[in-house]
Amino acid sequence: MDLLRFTRSEWMRGLRGVSEDDAARHFGQMNSIGWIVGHLAWQEQRTLFLRLRGELLFPEINEEFAFGAPMSTPSLKAMRGAWNRVTKGADPFLDSLTTRDLLRDLPLNGTRSGQNLGSAIRRMTFHYWFHIGEIQAIRQMLGQKRLPQYVGNLEATAPYRAER
């Protein structure tokens, strides 16, 4: 879970300094930063609440920010608030996971999916990195300067550890 937590912190670093106005901008077919924040709240909610426990903290996020949902321009503040609630709600569950838990099948629509929970969390982590890059590209198009460079202090925060 260290890598997911590190990734979330890099995500927040990439959002630092984004204004409500900037988060509402669209460039061509690109979604707004506000939408992207809602989209990542959707994936965490879908993976760690809906698929595992059948719970939706924010039913509207499940509709408005799913993969393929129409372009929209939500409030960055509202989306960050939702993202914070989803991730804070997921953390105790993530802290409780064992290797055995990570290897169990993660159901999709109530049936076996063939994807285990560990793979779903890995996919979610990589999904963050995709959108971190997208947000930095949007910020560059907005003319913003002094953006985060490269990956932060991975070695201190989430170093590689041999399998146990």
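Residues numbered from 1 in each chain as written. Predicted model: local features only at pLDDT ≥ 70, side-chain atom pairs only at ≥ 80, totals over all residues. Heavy atoms only, no water.

1. Some words on unusual backbone geometry
Glycine aside, residues mostly have negative phi angles, and peptide bonds mostly take the trans form. Unlike most non-glycine residues, arginine 146 shows phi in positive territory, near 55°. Note on placement: arginine 146 falls in the loop between helix H7 (117-141) and helix H8 (154-157). (Helix = DSSP H or I, 4+ residues; strand = E, 2+ residues; numbered from the N terminus.)

2. Focus on the packing of aromatic side chains
How two aromatic rings sit relative to each other is set out by the distance from centre to centre and by the angle between their planes. Applying the stated criterion across every chain, the model contains 3 aromatic pairs. Taken together, a centroid distance of 5.6 Å and an interplanar angle of 75° make the contact between tryptophan 11 and tyrosine 128 edge-to-face. Separated by 117 residues along the polypeptide, tryptophan 11 in helix H1 (residues 2-15) and tyrosine 128 in helix H7 bring together distant segments of the chain. A residue is classified by how much of its surface remains accessible, and tryptophan 11, at 1% relative accessible area, is buried. Judged by its relative accessible area of 0%, tyrosine 128 falls in the buried class. Here the aromatic rings of tryptophan 35 and phenylalanine 65 are separated by 6.1 Å at their centres, their planes lie at 55°, and the arrangement is tilted. Highlighted residues: tryptophan 35 in helix H3 (residues 33-53) and phenylalanine 65 in the loop between helix H4 (59-64) and helix H5 (76-96), separated in sequence by 30 residues. (Phe/Tyr/Trp six-rings, centres within 6.5 Å; stacked < 30°, edge-to-face > 60°. Buried < 20%, exposed > 50% of the residue type's maximum accessible area, 1.4 Å probe, protein only.)

3. Some points on H7
Taking 1.5 Å of rise per residue, 25 residues should cover 36 Å, and H7 covers 36 Å from first to last C-alpha, within 8% of that figure. You can read the cap of H7 off the contacts: a side-chain oxygen lies 3.2 Å from the backbone nitrogen of glycine 118, and it is on asparagine 116. A positive backbone phi angle near 85° is found at glycine 143, which sits one or two residues after H7. (Expected span 1.5 Å × (residues − 1). Polar contact = N/O pair within 3.5 Å; in protein donor to acceptor, adjacent residues only side chain to side chain.)

4. Quick word on the confidence of the model for the protein
Scored by pLDDT, the protein comes out at a mean of 92, with 99% of its residues at no less than 70. Looking at the elements of the protein, mean pLDDT is at its lowest for H8, recorded as 75, and at its highest for helix H2 (residues 20-23), recorded as 97. (pLDDT = per-residue confidence, 0-100.)

5. Some remarks on H1
Between the first and last C-alpha of H1 there are 20 Å, a value that for 14 residues agrees with the 20 Å anticipated at 1.5 Å per step. Taken as a whole, H1 has its buried residues at Leu4, Phe6, Thr7, Arg8, Glu10, Trp11, Gly14 and Leu15. The first or second residue beyond H1 is glycine 17, which carries a positive phi of 90°.

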